[in-house]
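# Overview (structure and organization)
Chain by chain, the residues:
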Amino acid sequence: HLADAARRPAVAEVGDAHAAAATERSDVDAGPAGVLPRIDGELAGFYRRAPGRLALSVLWHLAGWSVGMLEGWLIMRALNLPVSLATALVVESVEASIAFVAFMIPARAGLQEAGHVAAFVALGLGAPVGLAFTVVRRLRQAVWAGLGYLALASLQGTAGYPPPAPAVLERE
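Notes on the structure follow. Throughout this document, residue positions are counted from 1 along each chain, in the order its sequence is written. A pLDDT threshold of at least 70 governs which residues receive local features in this predicted model, and a stricter bar of 80 or more applies before side-chain atom pairs are shown or counted, although totals over entire chains, interfaces and linings include all residues. Calculated side-chain values reflect all of the structure's heavy atoms, with hydrogen atoms and water omitted.

### Focus: the environment of serine 84
Per the convention used, a helix needs a DSSP run of H or I reaching at least four residues, while a strand needs a run of E reaching at least two, with both numbered from the N terminus. Note that serine 84 resides in the loop between helix H3 (51–78) and helix H4 (85–101). Owing to a relative accessible area of 37%, serine 84 belongs among the partly exposed residues under this scheme. C-alpha of serine 84 to C-alpha of tryptophan 73: the two residues are 11 residues apart in sequence and 7.6 Å apart in space. Relative accessibility decides the category of a residue: with a 1.4 Å probe and only protein chains considered, values under 20% of the type maximum give buried, values over 50% give exposed, and everything between is partly exposed.

Following this line, the structure appears as structure tokens:
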């Protein structure tokens, strides 16, 4: 009887492990409906465990968004538009909204331009200036993308391709 009592917790643990594995498999088999509650639980756990890291993440996001707003304000000033920071905030908000809605469209092609033109018209600044603003932003994106590709190419082998892998298996 003592041997049976000593084995019971181990059997229970193995049974729990199998049940947990079955639950994980059923979550995966259930598709997004089964996975989403797990993701929600992980995020809620992160919020409870690391509120400082969450606050830091939110602050960095706010800082990045603020820099984008200041960049927009500087572009508008360079286009000789006498705009306030509040106007730049509205334009940046429109851009963030477009980015949220158009996440499936590569580079938000067309939507970003239309959104900026609509925002500039609504603010009384004119459609041509809105399009010019977007062109300047697109040029900035292209310059940074080009610099990134150059940096990537310099880290890899010749002509941007990784060096060939040595033959691991040879025929006899």
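### Topic: a nonpolar patch on the surface
Nonpolar side chains collect at one region of the surface, where Leu36, Ile39, Leu43 and Tyr47 lie side by side and expose about 390 Å² of accessible area between them. Looking at leucine 36, the relative accessible area reads 53%, which means it is exposed. Patch members must show over 30% relative accessible area and no salt bridge, and they are joined within 9 Å when carrying like charges or within 5 Å when they are nonpolar side chains of Val, Leu, Ile, Met, Phe, Trp or Tyr. We get accessible surface area from the Shrake-Rupley algorithm with a probe of 1.4 Å; when it comes to residues, only the shown protein chains can shield them. Salt bridges, as used here, are contacts in which a Lys or Arg side-chain nitrogen is within 4 Å of a carboxyl oxygen on Asp or Glu.

### Re the packing of helix H5 (residues 111–122) against helix H6 (residues 127–155)
Axis angles are defined between N-to-C directions and span 0 to 180 degrees, where every axis is a line fitted to C-alpha atoms and, for a helix, only to the segment in contact. The contact between H5 and H6 brings their axes to 8 Å, and the two run at 140°. Taken as axis vectors, H5 and H6 run oblique relative to one another. In terms of crossing hand, the pair formed by H5 and H6 is right-handed. Residues Gln112, Glu113, His116, Val117, Phe120 and Val121 of H5 pack against Ala127, Val129, Gly130, Leu131, Phe133, Thr134, Arg138 and Gln141 of H6. Within the contact of H5 with H6, the residues separate by chemical class into seven nonpolar, five polar and two charged. To sort the angles, those under 35 degrees are grouped as roughly parallel, those over 145 as roughly antiparallel, those from 65 to 115 as roughly perpendicular, and the leftovers as oblique. In this scheme the handedness of a crossing depends on how the near helix is turned from the far one: anticlockwise by less than a right angle means left-handed, clockwise means right-handed. For this analysis, residues touch if any pair of their heavy atoms sits within 4.5 Å. Lys, Arg, Asp and Glu make up the charged group, whereas Ala, Val, Leu, Ile, Met, Phe, Trp, Tyr, Cys and Pro make up the nonpolar group; the residues left over, Gly among them, are polar.

Just geometry here; none of it tells us what the structure is for.
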